[in-house]
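Examining the three-dimensional arrangement
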Amino acid sequence: MKITAIYPGTFDPITNGHLDLVHRASKLYHHVIVAVASSQVKKPLFSLSERVALINEAVADFSNVEVIGFDTLLVDCAKNYQASVIIRGLRAVSDFEYEFQLAGMNRRLAPEIETVFLTPAEQYEFISSSMIREIAHFKGDVSSFVPDSVRKRLIDKFTTEK
């Protein structure tokens, strides 16, 4: 059976932790869609098109991974792409309550779609996009947390911002 999974997030920016989950999911599912949420509520640093481009570059070596942007309900996006699995990442116990609520709501809206939780490798458990943005804002070294293309774009963003 060929299963399509969707891995949603804001990915502002994508981190090595996110990429670890993409790698893990790509081994479990026939087709993985990285779905980048427009998420205007979070006021992202990078535009939707910038985030999609950065992720496309980062996942170029994965033949079964596709990157899309979306601005709808996740379950509607999943249905549109015939995804039967939603991938969610759990870094710490503190993530669980929120993710559990999301999974319950998504199950209520689309009972045919399962939510699967994946945990990143230990070296990525503490990484979050918001921490990366803050470190980069203060000119800290983020090279071990993000792909090099993302590091360069963060430097560009915070250099031209001033």
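The shown structure was predicted, so the numbers you read here are calculated from the model rather than taken from an experiment.

Quick word on the environment of Leu-48
Relative to the helices and strands, Leu-48 is located in helix H2 (residues 48-58). For Leu-48, a relative accessible area of 27% puts it in the partly exposed group. Once the C-alpha coordinates of Leu-48 and Ile-87 are considered, the two residues, 39 residues apart in sequence, prove to be 20 Å apart. For Leu-48, the contacting residues outside a window of four places in its chain are Val-36, Ala-37, Ser-38, Gly-69 and Phe-70.

Quick notes on the packing of aromatic side chains
In this description, a pair of aromatic rings is defined by centroid distance and the angle of the planes. For the structure shown, the criterion picks out four aromatic pairs. Between Phe-96 and Phe-117, the ring centres sit 6.2 Å apart and the planes meet at 55°, which makes this aromatic pair tilted. Taken as a pair, Phe-96 in helix H4 (residues 93-109) and Phe-117 in strand S5 (residues 114-118) lie far apart in primary sequence, 21 residues in all. The partly exposed category is assigned to Phe-117, whose relative accessible area is 29%. Here the aromatic residues Phe-96, Phe-100 and Phe-117 are joined through ring pairs into a cluster of three or more.

Definitions and limits used
- Residues numbered from 1 in each chain as written.
- Predicted model: local features only at pLDDT ≥ 70, side-chain atom pairs only at ≥ 80, totals over all residues.
- Heavy atoms only, no water.
- Helix = DSSP H or I, 4+ residues; strand = E, 2+ residues; numbered from the N terminus.
- Buried < 20%, exposed > 50% of the residue type's maximum accessible area, 1.4 Å probe, protein only.
- Contact = heavy atoms within 4.5 Å.
- Phe/Tyr/Trp six-rings, centres within 6.5 Å; stacked < 30°, edge-to-face > 60°.

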